Amino acid sequence: MKAAVVGSGAWGTALAIRLCKNGHDVTLWTFEKDLIPQMESQRINPRLPGAKLPEELKISADYACVKDCALVVVACPSFPIRSVCKGIAPHLHPEAVLVSVTKGLEFGTTLRMSQVVQQETGHAVVALTGPSHAEEVALDIPTGCLAACEDQHLAEFVQDAFMAQNFRIYTSPDIVGAELGGALKNVIALCAGVTDGMGFGDNTKAMLMTRGLTEMARLGVSLGARKDTFAGLTGVGDLIVTCTSMHSRNRRAGILIGQGVGVQEAMEQVGAVVEGYYAARSAWELCQKQGVNMPIFKAAYEVLYEGASPQVAIKELLLRDRRPESEDAGWL
Ligand SMILES: NC(=O)c1ccc[n+]([C@@H]2O[C@H](COP(=O)([O-])OP(=O)(O)OC[C@H]3O[C@@H](n4cnc5c(N)ncnc54)[C@H](O)[C@@H]3O)[C@@H](O)[C@H]2O)c1
């Protein structure tokens, strides 16, 4: 099948390699036109230096490369996704299946990424998300992800396109829960990094991850997601991988902030898109709109955008009123 991956960051590149290995005819669209000669001659993308680009993978900086593709994977970061989709929209085949693999919430609208892609292209969209470092997928290390879409046939179409022995794709109708899990866990990963950077231990991180997951599910359910999705690959699965790995730039940015580096300086030092930084702002906006109690997300917003000190934010979280673990503990 003819396919295009729009976005040549680490993740778009790893997925383009996967689709090539699965026998598809793939073009990788890049924003970085200047890198094309190097990528074509050396078969290496500096965004994912550990992976060899297959000889048959085509590279283009022309939006028209999506023409006649049955599958179009949008893999750019969240901030340019609307403009990128505007660019490809006029060239899409009317039957093309669109896939969003971007993890974020649009600034200003708080829309999920598939909603932005759908608005700009008019096509139904499948979200492909889960615990997946590009560096590991590119090395064919066993990985599991979720293809989520209300339309079962479309979810299964995407499952078939990507599935491989070491890339196991599950399906789900809960695209709301799947995408919110992917976007919100980046905020918790940043916070986990902050606690690591401050020298706290595994106990602290385990508390942060589980209470963070509770807040993610609370917001998700208020927006129509299924609670059990947050116990799956795109919820707890992605939270584990992002909060515990040095591959995670969200966690690395958090570690720097916890060590006392300024927020902007930390973003620059990481040198790649730190989606959790942007998601923290949209998540806090959504949380206020929905009237949901999310103290960890509030603290993250205050540290990242209002100059609050991580030490004070953590102390305030720890000194909150005592309470049962679950709202439906059954005692009341
Ligand atoms: N890296 C991973 O392991 C991974 C895994 C799953 C999901 N994701 C998600 O995939 C998305 C992309 O992340 P990544 O890691 O591939 O990115 P990256 O940081 O490796 O690369 C960023 C890419 O954005 C491009 N870019 C910069 N400005 C642009 C613009 N104005 N318009 C279009 N493109 C522009 C750059 O050319 C570069 O290719 C993110 O939402 C991320 O959360 C990443």
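What counts and how
By convention here, each chain's residues receive numbers from 1 onward along its written sequence. For this predicted model, a pLDDT threshold of at least 70 governs which residues receive local features, and a threshold of 80 or more governs which side-chain atom pairs are given and counted, while totals over whole chains, interfaces and linings are taken from all residues. Each side-chain value is worked out from all heavy atoms of the structure, with water and hydrogens disregarded. Bear in mind that the domain bounds are from an automatic or database domain assignment. Contacts are residue-level and defined by heavy atoms, with any inter-residue pair within 4.5 Å sufficient. In this description, buried area is defined as the sum, over both parts, of the accessible area (probe of 1.4 Å) that is lost when the two are combined. Each salt bridge in this description consists of a side-chain nitrogen of Lys or Arg and a carboxyl oxygen of Asp or Glu lying within 4 Å of one another. Secondary structure counts use DSSP, requiring at least four H or I residues in a row for a helix and at least two E residues in a row for a strand, with both numbered from the N terminus. Between N-to-C directions, angles cover 0 to 180 degrees, with each direction set by a line fitted to C-alpha atoms, over the stretch in contact for helices. An angle counts as roughly parallel when it lies under 35 degrees, as roughly antiparallel when it exceeds 145, as roughly perpendicular when it falls between 65 and 115, and as oblique in every other case. Left-handed describes a crossing in which the near helix is turned anticlockwise from the far one by less than a right angle; the clockwise case is right-handed.

Looking now at the domain arrangement of the protein. Domain annotation of the protein identifies domain 1 (2-173) and domain 2 (176-318). Computed from C-alpha atoms alone, the centre-to-centre distance between domain 1 and domain 2 is 25 Å. Counting residues at the interface gives 30 residues for domain 1 and 27 residues for domain 2. Regarding the contact of domain 1 and domain 2, the summed buried area is about 2,300 Å², with carbon and sulfur atoms giving 63% of it. Sorting the residues of domain 1 by area buried against domain 2 places Lys103, Leu105 and His133 first, and these three jointly supply 27% of that buried surface. Joining domain 1 to domain 2, the criterion identifies two salt bridges. A salt bridge links Arg112 to Glu179; its shortest N-O distance comes to 2.7 Å. For the side of domain 1 that touches domain 2, the secondary structure elements donating two or more residues are α4 (113-121), β6 (125-129), α5 (134-138) and β7 (143-148).

With that out of the way, let us pick up the packing of helix α7 (residues 175-197) against helix α10 (residues 249-258). Their axes nearest at 6 Å, the elements α7 and α10 cross at an angle of 40°. Between α7 and α10, the interaxial angle falls into the category oblique. The handedness of the crossing between α7 and α10 comes out as right-handed. Contact with α7, carried on its side by Asn186, Ala189, Leu190, Gly193, Val194, Asp196 and Gly197, involves Asn250, Arg251, Ala253, Gly254, Ile255, Ile257 and Gly258 of α10 and no other residues of that element.

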